[in-house]
Each structure stands twice: as structure tokens, then as C-alpha cells.
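So the chains spell out like this:
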Amino acid sequence: MQQLVTRPTSSAYPLIGTAYKSRANTIDYSPGLTKAGKNYPSGQRMSTAAEELAIQLGLERAGKDSRRADVFDDLFGRNHSNWRASQWTDTDLRVPKGRDPDKYETDGQGRKYWVRTAVVGDEEFGEVLVPEGYMRVVVEWDEVFGIPRVTEDIDFPHKPYTTHFWFNPTPFKDGRSVHQDIAVGRRGGWNRVAGEKCLGVDADGGRWNTSLHAGFRPVRGLLPEINQTN
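Everything numeric in this text was worked out from a predicted model, so none of it was measured.

1. Overview of the side chain of T163
Of note, T163 is situated in strand β13 (residues 163-167). T163 gets classed as buried once you look at its relative accessible area, which sits at 1%. Separated by 2.9 Å, the side chains of T163 and Q56 make a polar contact. Once residues within four sequence positions are removed from consideration, T163 is found in contact with Q56, R136, V137, V138, W141, L199, G200 and V201.

2. Here we look at the sheet that holds strand β17 (residues 218-220)
Spatially, 4 strands are ordered β1-β4-β17-β6 in an open sheet, and the strand pairing comes out antiparallel. Edge positions in the open sheet fall to β1 (2-6) and β6 (45-46), since each of these has one partner strand only. Here β1 pairs with strand β4 (residues 25-29) via 5 bridges, running antiparallel. Of the residues in β4, the one forming a bridge with V5 is T26. Lying on the sheet, helix α1 (residues 49-61) is in contact with β1, β4, β6 and β17; it crosses β1 at an angle near 95°.

3. A word on α1
Between its first and last C-alpha, α1 extends 18 Å over 13 residues, near the 18 Å set by a 1.5 Å rise per residue. Looking only at α1, the buried set comprises A49, A50, E51, E52, L53, I55, Q56, L57 and L59. Of the residues flanking the end of α1, it is G63, one or two places downstream, whose phi is positive at about 80°.

4. Examining the sheet that holds strand β2 (residues 9-13)
Taken in spatial order, the 3 strands of this open sheet run β2-β3-β18, and their pairing is antiparallel. Because the sheet does not close on itself, it has two edges, and the strands there are β2 and β18 (226-228). In this sheet, neighbouring strand axes are inclined to one another by 15° on average, regardless of whether the strands run parallel or antiparallel. Bridging between strand β3 (residues 18-22) and β18 involves 3 bridges; their strand directions are antiparallel. Among the inter-strand pairings, Y20 is bridged to a residue of β18, identified as Q228.

5. Things to note about the side chain of S22
Its place among the elements puts S22 in strand β3. Here the side chain of S22 touches T9 through a polar contact of 2.6 Å, side chain to side chain. Not counting chain neighbours up to four residues away, the residues in contact with S22 comprise P8, T9, V144, E225 and I226.

6. Digging into unusual backbone geometry
Trans is the prevailing form of peptide bonds, just as negative phi is the prevailing case for residues other than glycine. Look at the link from K159 to P160: it is a cis peptide, with omega at 5°. Within the secondary structure, P160 is located in the loop between β12 (147-152) and β13. Within the chain, Y134 stands out as a residue other than glycine whose phi angle is a positive 55°. Mapped onto the elements, Y134 comes out in the loop between β10 (123-131) and β11 (136-142). Not every positive phi belongs to a glycine, and M135 is a case in point at roughly 70°.

7. Comments concerning the pattern of salt bridges
This model, assessed by the stated rule, comprises 18 salt bridges. Note that R68 and D65 form a salt bridge whose closest N and O atoms lie 2.5 Å from each other. In this structure D65 comes out as partly exposed when scored by relative accessible area, which is 28%. A salt bridge links R94 to E124; its shortest N-O distance comes to 2.8 Å.

8. Here's the deal with the pairing of strand β9 (residues 112-120)
With 8 of its 9 residues buried, β9 lies for the most part within the structure. Where strand β7 (residues 86-94) and β9 come together, 4 bridges link them in antiparallel fashion. Within the sheet, the bridge partner assigned to R94 lies in β9 and is T117. Here strand β8 (residues 105-106) runs beside β9; their pairing, made up of 2 bridges, is antiparallel.

Rules used in this analysis
Residues take numbers from 1 onward in each chain, read along the sequence in its written order. Thresholds applied to this predicted model are a pLDDT of at least 70 for local features of residues and 80 or more for the giving and counting of side-chain atom pairs; totals over whole chains, interfaces and linings are not thresholded and use all residues. Side-chain metrics in this entry use all non-hydrogen atoms of the structure; hydrogen atoms and water are not considered. Numbering goes from the N terminus for both helices and strands, where a helix is a DSSP run of H or I of at least four residues and a strand is a run of E of at least two. Per-residue accessibility, obtained with a 1.4 Å probe over protein chains only, is compared with the maximum for each type, and a residue is labelled buried under 20%, exposed over 50%, and partly exposed between these values. Whenever two N or O atoms come within 3.5 Å, that pair is a polar contact, provided that in protein one can donate a hydrogen and the other can accept it, and provided that, for residues adjacent in sequence, both atoms are side-chain atoms. It only takes one pair of heavy atoms within 4.5 Å for two residues to be counted as in contact. By this definition, two strands are paired if DSSP reports at least two bridges between them. Think of each axis as a best-fit line through the C-alpha atoms, taken over the contacting stretch in the case of a helix, with angles from 0 to 180 degrees between the N-to-C directions. Here a helix's expected span is defined as the number of its residues, less one, multiplied by 1.5 Å. The rule for a salt bridge is simple: a side-chain nitrogen of Lys or Arg has to be within 4 Å of a carboxyl oxygen of Asp or Glu.

Put into C-alpha cells, the structure is as follows:
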């Protein structure tokens, strides 16, 4: 296990009048992923999207290339078993009750956003805006929930950005939660130039997936405390 100390963070969505903050938190996390379908070790849980983002941004703020970091090796198949994982986290985006999933909001720059309820574990925290996916590059983050806040269609090279985004605005109803839920996950290997690989954040698959390629990161510690501030 390695230790991660997250910093206090905040996020705001003026277009829909919501804002959030999370306190600093300390967790221990596995440097590698565990295949889905296996039980959690005693006292451990699945990482959240915010915790995965904190690991990534910690590397990037230290001047390191997160795409080449050992902690994300399983996403690129850089391991002894050549297992290339699609990672699930314990963060979910839920279509709010009574809302048309296809309806989107538009900001002053013409960018499209879908209103979704942010869920961590089984707890709803309020509404956020989810930007367009379609493999667009993430240029701004919501560090409270670990999701993209702004995406842009940028060709290579796209320094200093390292991550692409996929988003399905019309998910099926989840059999366990009975909501239109979509898990926030991670992948690696999006290739547009020979030798160039990027991280990916996925919000395009259902929760509780146990396919051969699905995995999760075991962590030890309390879930972060998140509060709505408006």
C-alpha cells in the first residue's frame, strides 16, 4: 500500500447554481488494480474517481508524466500478465429524476453540458455538469468528484493535457440501483500518433461490470467528506 494525502478542493457550476467542497483526506491505496469479481480485502474499498484524479494530478504537479507512471501500468497493459484493464471507480453519474437524458445546457462558448447527479458509493451529493465526450481532451477538472469540467477537441500535440473523455448521455437503467446510472471509470492507450498514449476517463458504461478486463483499485480509509456550499 502507498499513502495519498488529498488537499482541500472546491468546484462550482454557475450555470446551474451548485458548488461543492471536500476536505483533505488520507488513504492508503494499492499501486496496482484488482480484477473485478473478487472480494475486497478486509477493511478496504474501491477508489473513487476523485482519488484517482488526485493520484494523477499529484504526479503532474510534480512535473511527471502520469501516462508513464507505474500506478497506471494496468491501464496500459504494462504488467507481467499483459492484462490491460478498464478501471471502475465508486463514483457514478445519475440522470436526475424526471429529466430527459438527452437534454443539455450550453455555456457562453457554445460548449454542451449534461446535468447529472453526482453519486459516490450509494450517496447522492447534488447536481453537476458533465461536458462532451467523444474522446475530447480534458482541459479543466472538478477535483471534488474527479470528473472533467471542461473538454476541448484538440489534436496532437496537446501538451500539457494528458487525458481524453468518453461520455454516454443515455445510459440504460441499472438493475441494482433502478436509476439511469453510469460509472466513472478509467482506461489507457488512446493512440492518435505512433508511440503516443494517453489516459482516458470513461463515463460510458454501467456500474458493477465484472468483465474479464474490468478492475478496481483497493484503498483503505474513509470516503472523503463532501459538502454542498450553496
